[in-house]
Each structure stands twice: as C-alpha cells, then as structure tokens.
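Chain residues, written in single-letter form:
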Amino acid sequence: MDIFVTLYEYDPAKHEFFPQPSAYNPRSLEIKNYTLGHSTPIFSPTGGMKISAVDLAKYMGMHMNYGTGLNGKQIIKKRNSKIMQTPITAEEGYGLALRSINTLIPNKVLIGHTGSAYGLYSAMFFDPKEKFGIVVITNGCRIPENVDFNPLLKDCIQLIYKEMIQQ
C-alpha cells in the first residue's frame, strides 16, 4: 500500500502555503491524448518520475556505478550511463537528464538532477569517483525568485556532506 503525503506549494502573493492534492490525480485522459514533444507537462513532473527518496537513491547508485545497480546487476550499459552524464553543452552542463555542477560543494564536481512539482523540490547529486551521493527531498518550501539553485536544497547538501561524508 502506497501512502502519499500532501504536498504544499507556497503562494508568494498570499504569503502562505496551500495543499496540492492534484499532484496524485490520475492522468488517464491526458496520457491518451499525449502528443510527443508537445504535451509533456501532463506527466508533471515533466520527466514523469514520481519516486521515493529510497528509490531515487537506488537510481543514483546505478548512475554512480555507471549502469550497475547496488545489487551488482547491470541495469544499463556502462557506455550509456557515461553518455547520460556527459554535458552536451558547456553552458548548461546537462547530458541526458543529468548535469554537472561545481557550485554545491567546494572543489567538487557533482553529477545529478533537480526536480520540482506541486511544492516538492528534490535534488540528487553524486561523485562517481569518490563514490558518494546525496538525495534531498523537501515539501513546502519558499524559494526566492531568480535563483539558479534552490538555496534550501544547497544548504542541505552542504550540511550532509560536511557532517556525514567529508573526512
């Protein structure tokens, strides 16, 4: 049995949080009428991934180990995992859904992805060389406008690194 928490989104005009029950609505009709490349947001989040923190950590571990799951089984080819992690353009730093970023932890280039939908904000970043990764998922946080990275997620990542990973 799945138990879903109510997601809360911040309304800056009213200075309050409000529930987002539509996050879990079935999308049967929308999916039936889906047009490739035109109506992707119906999956909301756009990537379509609704996942627990534990499962996101497993997914991260698979990428951190270049396609091999934490159980030792090959899930995707090593070559394909490396392609997904290789930035297509230097400006954005994104490969295929994964990006490189060097501003989260000093002197570290991490690979990962962020997400947001219905007031939920998430981050999954890892270092495949040093074999550590961090997953953070928040619900109902207020994000300043015009920031390139959610400051709460960044603070959480830095704190987890400092307190649990850094030697």
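Residues numbered from 1 in each chain as written. Predicted model: local features only at pLDDT ≥ 70, side-chain atom pairs only at ≥ 80, totals over all residues. Heavy atoms only, no water.

## Section: the nonpolar core
We apply this condition: Definition of nonpolar core: a set of buried residues of the types Ala, Val, Leu, Ile, Met, Phe, Trp, Tyr and Cys, connected through side-chain atoms within 4.5 Å. Exposure classes here rest on a 1.4 Å probe applied to the protein chains alone. A residue is buried below 20% of its type maximum, exposed above 50%, and partly exposed in between. Comment: elements are numbered from the N terminus, with helices defined as DSSP H or I runs of at least four residues and strands as E runs of at least two.
Of all hydrophobic cores here, the largest spans 13 residues; its most connected members are Leu-104, Ile-105, Leu-110, Phe-125, Phe-149 and Ile-157. Of all the secondary-structure elements, those providing two or more residues to this core are β5 (120–127), β6 (132–139) and α4 (151–165). By size, the runner-up hydrophobic cluster in this structure holds eight residues, among which are Met-84, Ile-111, Met-124 and Phe-126.

## So, helix α2 (residues 53–64)
Note: α-helices contain 3.6 residues per turn, so residues at a spacing of three or four share the same orientation. The following threshold applies: One less than the residue count of a helix, multiplied by 1.5 Å, gives the span that helix is expected to have. Contact definition: two residues touch when any of their heavy atoms are within 4.5 Å.
Here α2 is 12 residues long and its end C-alpha atoms lie 16 Å apart, about the 16 Å a rise of 1.5 Å per residue gives. Of the surrounding secondary structure, the elements contacted by the buried residues of α2 are α3 (78–85), β5 and β6. Directly beyond the C-terminal end of α2, a positive phi value near 50° is found at Tyr-66.

## Regarding a nonpolar patch on the surface
The condition is simple: Each patch groups residues whose relative accessible area exceeds 30% and which form no salt bridge, using 9 Å between like charges and 5 Å between nonpolar side chains of Val, Leu, Ile, Met, Phe, Trp and Tyr. What sets the accessible areas is the Shrake-Rupley method with a 1.4 Å probe; for residues, cover comes only from the shown protein chains. Any Lys or Arg side-chain nitrogen found within 4 Å of a carboxyl oxygen on Asp or Glu counts as a salt bridge.
Among the surface-exposed residues, Phe-4, Val-5 and Tyr-24 lie close enough to one another that they form a single nonpolar patch of about 310 Å² accessible area. Among the secondary structure elements, Tyr-24 is positioned in the loop between β2 (16–19) and α1 (28–32).

## Some words on the pairing of strand β4 (residues 110–117)
Side-chain direction in a regular strand flips from residue to residue, so the side chains alternate between the two faces of the sheet. Operational definition: Strand pairing is assigned whenever DSSP identifies at least 2 bridges connecting the two strands.
Judged from the three bridges that link them, strand β3 (residues 99–101) and β4 form a sheet pairing that is antiparallel. In the sheet register, Ile-101 faces β4, and the bridge partner there is Leu-110. Counting the residues between successive antiparallel strands, the hairpin from β4 to β5 contains two residues, one of them, Tyr-118, with a positive phi of roughly 60°.

## As for the packing of aromatic side chains
As a reminder of what qualifies: We call Phe, Tyr and Trp rings a pair once their centres come within 6.5 Å, taking the six-membered ring for Trp, and we label the pair stacked below 30 degrees between planes, edge-to-face above 60, and tilted otherwise. A ring is considered to have a charge above it if a Lys NZ or an Arg CZ atom is located within 6 Å of its centre and within 35 degrees of its normal.
For the structure on display, the rule yields three aromatic pairs. With 5.9 Å between their ring centres and 55° between their planes, Phe-125 and Phe-149 make a pair best called tilted. A residue pair is termed long-range when its members are at least 10 positions apart, and Phe-125 in strand β5 and Phe-149 in the loop between β6 and α4 qualify at 24 residues. Phe-149 matches Phe-125 in its accessibility class, with the two residues each being buried. In this structure, Lys-82 packs its charged tip against the face of Tyr-66, placed 4.9 Å from the ring centre.

## Notes on the confidence of the model for the protein chain
Under the convention used in this document: In predicted models, pLDDT denotes the confidence assigned by the predictor to each residue on a 0 to 100 scale.
Summarising the model, the protein chain shows a mean pLDDT of 87, and 92% of its residues fall at 70 or more. No element of the protein chain has a lower mean pLDDT than α1, which averages 78, and none a higher one than α4, which averages 96.

## A closer look at α4
Where we set the bar: Relevant arc is that of directions from the helix axis to the C-beta atoms, nothing else.
An ideal rise of 1.5 Å per residue puts 21 Å on 15 residues; α4 measures up with 20 Å between its terminal C-alpha atoms. For α4, the complete set of buried residues consists of Leu-153, Ile-157 and Tyr-161. Along the axis of α4, the buried residues cluster in a sector spanning 70°; they form a single face. Turned more than 90 degrees off the buried face of α4, the exposed positions are Leu-159, Lys-162 and Glu-163.

## Things to note about the environment of Pro-128
Within the secondary structure layout, Pro-128 lies in the loop between β5 and β6. Residue class for Pro-128 comes out buried when judged on its relative accessible area of 8%. Sequence separation between Pro-128 and His-63 is 65 residues; the distance between their C-alpha atoms is 8.0 Å. Non-local contacts of Pro-128, meaning those with residues more than four positions away in its chain, are made with Met-64, Tyr-66, Gln-85 and Ile-111.

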